[in-house]
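Listed here are the chains, written in short residue letters.
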Amino acid sequence: MMKRYFKTTIFTVIALLMVLMTGCTMAENNKTGQQPETEKSVTLTISVAASLKDAMEEVQKRYLDAKPNVSIKYNFGSSGSLQQQIEQGAPVDVFVSAATKQMKALQEKSLIINETKKDLLKNSVVLIVPKDSVNVSDFQSLTSDSVKKIGLGEPASVPAGQYGKDVLTSVKVWDNVQSKLVLAKDVHQVLSWVESGDADAGIVYMTDAKISDKIKIAVVAPEGSHSPVVYPVAVLKDSKQAEASKEFVDFLFGEIASQVFEKYGFTSLANQ
(Lines give C-alpha, C1' and ligand atoms only; values in the text may rest on other atoms or scores of the structure.)
Protein backbone atom coordinates (compact mmCIF):
# COMPACT_ATOMS: atom_id res chain seq x y z
CA MET A 1 0.00 0.00 0.00
CA MET A 2 2.78 2.42 0.95
CA LYS A 3 4.79 1.49 -2.19
CA ARG A 4 1.80 2.17 -4.43
CA TYR A 5 1.21 5.53 -2.71
CA PHE A 6 4.90 6.40 -3.03
CA LYS A 7 4.94 5.58 -6.77
CA THR A 8 1.79 7.61 -7.38
CA THR A 9 3.30 10.59 -5.56
CA ILE A 10 6.52 10.37 -7.59
CA PHE A 11 4.60 10.27 -10.89
CA THR A 12 2.50 13.24 -9.83
CA VAL A 13 5.57 15.28 -8.91
CA ILE A 14 7.26 14.46 -12.26
CA ALA A 15 4.15 15.45 -14.18
CA LEU A 16 3.92 18.76 -12.32
CA LEU A 17 7.60 19.48 -13.01
CA MET A 18 7.10 18.85 -16.72
CA VAL A 19 4.13 21.22 -16.82
CA LEU A 20 6.11 23.88 -14.96
CA MET A 21 9.10 23.50 -17.31
CA THR A 22 6.87 23.81 -20.40
CA GLY A 23 5.22 26.89 -18.94
CA CYS A 24 8.59 28.48 -18.17
CA THR A 25 9.83 27.80 -21.72
CA MET A 26 6.74 29.39 -23.27
CA ALA A 27 6.99 32.36 -20.94
CA GLU A 28 10.66 32.81 -21.86
CA ASN A 29 9.82 32.62 -25.57
CA ASN A 30 7.17 35.30 -25.09
CA LYS A 31 9.71 37.54 -23.38
CA THR A 32 12.24 37.17 -26.19
CA GLY A 33 9.66 37.35 -28.98
CA GLN A 34 10.33 33.78 -30.12
CA GLN A 35 7.51 31.72 -31.58
CA PRO A 36 7.02 27.96 -31.52
CA GLU A 37 8.77 26.05 -34.29
CA THR A 38 6.53 26.77 -37.32
CA GLU A 39 7.49 27.75 -40.86
CA LYS A 40 7.62 31.48 -41.40
CA SER A 41 5.25 33.08 -43.87
CA VAL A 42 7.01 33.95 -47.13
CA THR A 43 5.85 35.97 -50.14
CA LEU A 44 7.59 35.38 -53.46
CA THR A 45 7.28 37.68 -56.47
CA ILE A 46 7.67 35.72 -59.69
CA SER A 47 8.00 37.48 -63.07
CA VAL A 48 6.84 35.09 -65.78
CA ALA A 49 6.49 35.17 -69.57
CA ALA A 50 2.83 35.64 -70.53
CA SER A 51 2.71 32.37 -72.48
CA LEU A 52 3.11 30.48 -69.20
CA LYS A 53 0.15 32.10 -67.42
CA ASP A 54 -2.29 29.17 -67.35
CA ALA A 55 0.34 26.57 -66.52
CA MET A 56 1.97 28.63 -63.77
CA GLU A 57 -1.35 29.39 -62.10
CA GLU A 58 -1.98 25.66 -61.79
CA VAL A 59 1.58 25.12 -60.58
CA GLN A 60 0.91 27.72 -57.89
CA LYS A 61 -2.05 25.72 -56.55
CA ARG A 62 0.02 22.55 -56.44
CA TYR A 63 2.91 24.32 -54.71
CA LEU A 64 0.69 25.81 -52.01
CA ASP A 65 -0.57 22.31 -51.20
CA ALA A 66 3.01 21.44 -50.26
CA LYS A 67 4.03 24.86 -48.89
CA PRO A 68 0.97 26.55 -47.32
CA ASN A 69 3.22 29.16 -45.66
CA VAL A 70 4.28 30.55 -49.06
CA SER A 71 2.34 33.24 -50.94
CA ILE A 72 3.11 33.72 -54.61
CA LYS A 73 2.60 36.96 -56.52
CA TYR A 74 2.86 36.56 -60.27
CA ASN A 75 3.81 39.32 -62.67
CA PHE A 76 2.97 38.19 -66.22
CA GLY A 77 4.16 40.03 -69.31
CA SER A 78 6.45 39.93 -72.31
CA SER A 79 9.92 38.72 -71.42
CA GLY A 80 11.48 41.94 -72.71
CA SER A 81 9.25 44.11 -70.52
CA LEU A 82 9.91 41.94 -67.48
CA GLN A 83 13.65 42.15 -68.15
CA GLN A 84 13.47 45.94 -68.23
CA GLN A 85 11.49 46.04 -64.99
CA ILE A 86 14.14 43.95 -63.26
CA GLU A 87 16.95 46.11 -64.64
CA GLN A 88 15.14 49.16 -63.29
CA GLY A 89 15.04 47.70 -59.78
CA ALA A 90 11.65 45.99 -59.57
CA PRO A 91 11.58 43.69 -56.51
CA VAL A 92 11.53 40.22 -58.10
CA ASP A 93 12.56 36.89 -56.62
CA VAL A 94 12.37 34.57 -59.63
CA PHE A 95 12.31 35.24 -63.39
CA VAL A 96 11.00 32.79 -66.00
CA SER A 97 11.69 34.00 -69.53
CA ALA A 98 10.33 32.76 -72.86
CA ALA A 99 13.77 33.12 -74.45
CA THR A 100 17.41 32.92 -73.47
CA LYS A 101 18.15 36.45 -74.75
CA GLN A 102 16.50 38.26 -71.85
CA MET A 103 17.98 35.97 -69.21
CA LYS A 104 21.44 36.32 -70.72
CA ALA A 105 21.12 40.11 -70.59
CA LEU A 106 20.35 39.96 -66.86
CA GLN A 107 23.20 37.54 -66.30
CA GLU A 108 25.65 39.86 -68.05
CA LYS A 109 24.57 42.62 -65.66
CA SER A 110 25.11 40.32 -62.66
CA LEU A 111 21.43 40.49 -61.68
CA ILE A 112 20.82 36.76 -61.27
CA ILE A 113 22.34 34.02 -59.11
CA ASN A 114 24.24 32.17 -61.81
CA GLU A 115 24.04 28.70 -60.32
CA THR A 116 20.22 28.89 -60.27
CA LYS A 117 19.94 29.59 -64.01
CA LYS A 118 18.53 26.53 -65.78
CA ASP A 119 16.58 25.71 -68.92
CA LEU A 120 13.09 24.71 -67.78
CA LEU A 121 10.86 24.16 -70.82
CA LYS A 122 10.64 23.97 -74.61
CA ASN A 123 7.82 25.11 -76.91
CA SER A 124 6.94 25.29 -80.63
CA VAL A 125 5.93 28.16 -82.94
CA VAL A 126 2.72 27.90 -84.99
CA LEU A 127 0.64 29.96 -87.40
CA ILE A 128 -2.98 30.23 -86.27
CA VAL A 129 -6.17 31.41 -88.00
CA PRO A 130 -9.82 31.78 -86.94
CA LYS A 131 -11.70 28.47 -86.67
CA ASP A 132 -13.70 29.01 -89.87
CA SER A 133 -10.84 30.41 -91.98
CA VAL A 134 -10.16 28.84 -95.38
CA ASN A 135 -7.71 31.44 -96.70
CA VAL A 136 -4.53 30.41 -94.91
CA SER A 137 -2.95 26.96 -95.03
CA ASP A 138 0.77 27.82 -94.82
CA PHE A 139 3.11 30.78 -94.37
CA GLN A 140 3.15 31.55 -98.10
CA SER A 141 -0.63 32.10 -97.91
CA LEU A 142 0.01 35.22 -95.83
CA THR A 143 1.03 37.08 -98.99
CA SER A 144 -2.47 36.63 -100.44
CA ASP A 145 -4.66 39.72 -100.91
CA SER A 146 -7.33 38.01 -98.79
CA VAL A 147 -5.09 38.34 -95.74
CA LYS A 148 -5.24 41.92 -94.44
CA LYS A 149 -3.87 41.72 -90.88
CA ILE A 150 -1.33 39.40 -89.29
CA GLY A 151 -0.85 39.45 -85.52
CA LEU A 152 2.74 39.27 -84.29
CA GLY A 153 4.40 40.07 -80.98
CA GLU A 154 6.68 43.10 -81.05
CA PRO A 155 9.98 41.43 -82.09
CA ALA A 156 12.11 43.77 -79.98
CA SER A 157 10.45 42.81 -76.70
CA VAL A 158 8.27 39.73 -77.26
CA PRO A 159 10.21 36.49 -77.86
CA ALA A 160 7.32 34.97 -79.83
CA GLY A 161 7.51 38.00 -82.10
CA GLN A 162 11.22 37.50 -82.68
CA TYR A 163 10.69 33.80 -83.39
CA GLY A 164 7.87 34.75 -85.76
CA LYS A 165 10.04 37.26 -87.60
CA ASP A 166 12.74 34.61 -87.97
CA VAL A 167 10.22 32.16 -89.42
CA LEU A 168 8.78 34.68 -91.89
CA THR A 169 12.30 35.57 -92.96
CA SER A 170 13.29 31.92 -93.29
CA VAL A 171 10.30 31.07 -95.53
CA LYS A 172 11.02 34.25 -97.57
CA VAL A 173 7.77 36.17 -97.01
CA TRP A 174 8.92 38.78 -94.48
CA ASP A 175 9.35 41.59 -97.00
CA ASN A 176 5.94 40.91 -98.53
CA VAL A 177 3.94 40.86 -95.27
CA GLN A 178 5.50 43.66 -93.21
CA SER A 179 2.75 46.11 -94.19
CA LYS A 180 0.13 43.67 -92.87
CA LEU A 181 1.69 43.15 -89.45
CA VAL A 182 -0.10 44.32 -86.32
CA LEU A 183 2.34 44.25 -83.42
CA ALA A 184 1.22 43.10 -79.98
CA LYS A 185 2.54 43.67 -76.46
CA ASP A 186 2.57 39.91 -75.76
CA VAL A 187 1.61 36.58 -77.29
CA HIS A 188 -1.78 36.46 -75.55
CA GLN A 189 -2.82 39.65 -77.32
CA VAL A 190 -2.04 38.02 -80.68
CA LEU A 191 -4.20 35.05 -79.69
CA SER A 192 -7.12 37.31 -78.71
CA TRP A 193 -6.94 39.19 -82.03
CA VAL A 194 -7.20 35.99 -84.04
CA GLU A 195 -9.97 34.64 -81.77
CA SER A 196 -12.05 37.79 -82.31
CA GLY A 197 -11.32 37.99 -86.04
CA ASP A 198 -9.48 41.29 -85.69
CA ALA A 199 -6.52 39.53 -87.32
CA ASP A 200 -6.71 37.06 -90.20
CA ALA A 201 -3.76 35.10 -88.83
CA GLY A 202 -1.19 35.24 -86.04
CA ILE A 203 2.02 33.64 -84.87
CA VAL A 204 1.94 32.20 -81.36
CA TYR A 205 3.27 29.26 -79.38
CA MET A 206 1.82 25.78 -79.72
CA THR A 207 0.73 25.97 -76.06
CA ASP A 208 -1.34 29.13 -76.71
CA ALA A 209 -3.10 27.47 -79.62
CA LYS A 210 -3.98 24.46 -77.49
CA ILE A 211 -5.94 26.46 -74.91
CA SER A 212 -8.32 28.07 -77.41
CA ASP A 213 -11.28 26.48 -79.21
CA LYS A 214 -11.84 29.59 -81.34
CA ILE A 215 -8.80 29.16 -83.56
CA LYS A 216 -7.01 26.40 -85.43
CA ILE A 217 -3.39 25.74 -86.31
CA ALA A 218 -2.70 26.34 -89.99
CA VAL A 219 0.88 25.10 -89.87
CA VAL A 220 3.77 24.48 -87.48
CA ALA A 221 6.93 26.49 -88.17
CA PRO A 222 9.42 24.42 -90.19
CA GLU A 223 12.30 22.82 -88.35
CA GLY A 224 15.30 25.14 -88.32
CA SER A 225 13.31 28.24 -89.28
CA HIS A 226 13.91 29.79 -85.85
CA SER A 227 16.14 29.25 -82.83
CA PRO A 228 14.88 26.73 -80.25
CA VAL A 229 12.08 28.06 -78.01
CA VAL A 230 13.61 27.56 -74.57
CA TYR A 231 12.31 28.94 -71.26
CA PRO A 232 15.11 29.57 -68.73
CA VAL A 233 14.52 30.29 -65.03
CA ALA A 234 16.72 31.92 -62.38
CA VAL A 235 16.64 33.45 -58.92
CA LEU A 236 17.42 37.17 -58.80
CA LYS A 237 20.50 38.26 -56.89
CA ASP A 238 18.54 40.94 -55.00
CA SER A 239 15.90 38.50 -53.80
CA LYS A 240 15.15 38.89 -50.08
CA GLN A 241 13.92 35.29 -50.02
CA ALA A 242 16.73 33.51 -51.85
CA GLU A 243 16.36 30.13 -50.14
CA ALA A 244 12.57 30.03 -50.54
CA SER A 245 13.03 31.10 -54.16
CA LYS A 246 15.46 28.25 -54.79
CA GLU A 247 12.96 25.82 -53.29
CA PHE A 248 10.28 27.10 -55.66
CA VAL A 249 12.62 26.70 -58.65
CA ASP A 250 13.40 23.14 -57.50
CA PHE A 251 9.66 22.45 -57.43
CA LEU A 252 9.36 23.61 -61.06
CA PHE A 253 11.74 20.79 -62.01
CA GLY A 254 9.90 18.19 -59.92
CA GLU A 255 7.43 15.57 -61.11
CA ILE A 256 4.28 17.45 -60.07
CA ALA A 257 5.13 20.67 -61.92
CA SER A 258 6.50 18.75 -64.92
CA GLN A 259 3.15 16.97 -65.30
CA VAL A 260 1.35 20.32 -65.25
CA PHE A 261 3.65 21.78 -67.93
CA GLU A 262 3.24 18.72 -70.14
CA LYS A 263 -0.54 19.00 -69.74
CA TYR A 264 -0.42 22.48 -71.26
CA GLY A 265 1.75 21.36 -74.18
CA PHE A 266 5.22 22.30 -72.98
CA THR A 267 8.16 19.94 -73.06
CA SER A 268 9.74 19.75 -69.62
CA LEU A 269 13.53 19.74 -69.52
CA ALA A 270 13.60 18.43 -65.95
CA ASN A 271 15.19 15.13 -66.94
CA GLN A 272 17.39 16.40 -69.76
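It should be noted that the structure appears before, not after, this text.
What you see is a predicted model; the values in this text were computed from it and never measured.

A. Looking closely at the overall build of the chain. On a plain count of helices and strands, the chain comes out with 10 helices and 11 strands. Classification of the 272 residues of the chain by burial places 46% in the buried group. If you take every contact in the chain between residues at least 6 apart in sequence, the share linking residues at least 24 apart comes to 77%. For the chain, the exposed surface amounts to about 14900 Å²; the carbon and sulfur share of it is 52%.

B. Focus on the environment of Ala270. By secondary structure assignment, the location of Ala270 is in the segment after β11 (267-268). Considering only alpha carbons, one finds Ala270 and Ala257, 13 residues apart in sequence, at a separation of 9.6 Å.

C. Representation of the sheet that holds β11 in the model. Reading across from one edge, β2-β1-β3-β10-β4-β11 is the order of the 6 strands in this open sheet, with mixed pairing throughout. Of all strands in the sheet, those bounded by a partner on one side alone are β2 (70-77) and β11. Where strand β1 (residues 42-49) meets β2, 8 bridges bridge the pair, whose relative direction is parallel. Across the sheet, the residue bridging to Thr45 is Lys73, located in β2. Together, β3 (94-96) and β10 (229-235) form the strand contacts of helix α4 (residues 100-108), whose direction differs from that of β10 by roughly 30 degrees.

D. Fine view of the packing of helix α3 (residues 79-87) against α4. Look at α3 against α4: their axes get within 9 Å of each other, and the N-to-C directions meet at 15 degrees. With respect to each other, α3 and α4 are oriented roughly parallel. Read as a crossing pair, α3 and α4 show a hand that is right-handed. Of the residues in α4, those in contact with Ser79, Gly80, Gln83, Ile86 and Glu87 of α3 are Gln102, Ala105 and Leu106. Looking at the contact of α3 with α4, its residues break down into 3 nonpolar, 4 polar and 1 charged.

E. The pattern of salt bridges, seen in detail. Scanning the entire structure with this criterion turns up 7 salt bridges. A salt bridge links Glu57 to Lys53, with the shortest nitrogen-to-oxygen separation between them at 2.9 Å. Of the two residues, Glu57 and Lys53 are both situated in helix α2 (residues 53-66); the distance of 4 residues between them amounts to about one turn of the helix. The class for Lys53 is partly exposed, based on a relative accessible area of 30%. Residue Glu58 pairs with Arg62 through a salt bridge whose shortest N-O separation is 3.3 Å. Taken together, the positions of Glu58 and Arg62, both in helix α2 and 4 residues apart, correspond to about one turn of that helix. For Arg62, a relative accessible area of 34% corresponds to the partly exposed category.

How each quantity is defined
- Residues numbered from 1 in each chain as written.
- Predicted model: local features only at pLDDT ≥ 70, side-chain atom pairs only at ≥ 80, totals over all residues.
- Heavy atoms only, no water.
- Helix = DSSP H or I, 4+ residues; strand = E, 2+ residues; numbered from the N terminus.
- Buried < 20%, exposed > 50% of the residue type's maximum accessible area, 1.4 Å probe, protein only.
- Contact = heavy atoms within 4.5 Å.
- Areas by Shrake-Rupley, 256 points an atom, 1.4 Å probe, with all protein chains shown as cover.
- Pairing = 2+ DSSP bridges.
- Axes fitted to C-alpha atoms, helices over the stretch in contact; angles between N-to-C directions.
- Parallel < 35°, antiparallel > 145°, perpendicular 65-115°, else oblique.
- Left-handed = near helix turned anticlockwise from the far one by under 90°.
- Nonpolar A, V, L, I, M, F, W, Y, C, P; charged D, E, K, R; others polar.
- Salt bridge = Lys/Arg side-chain N within 4 Å of Asp/Glu carboxyl O.

The values are spatial; any link to function lies outside them.
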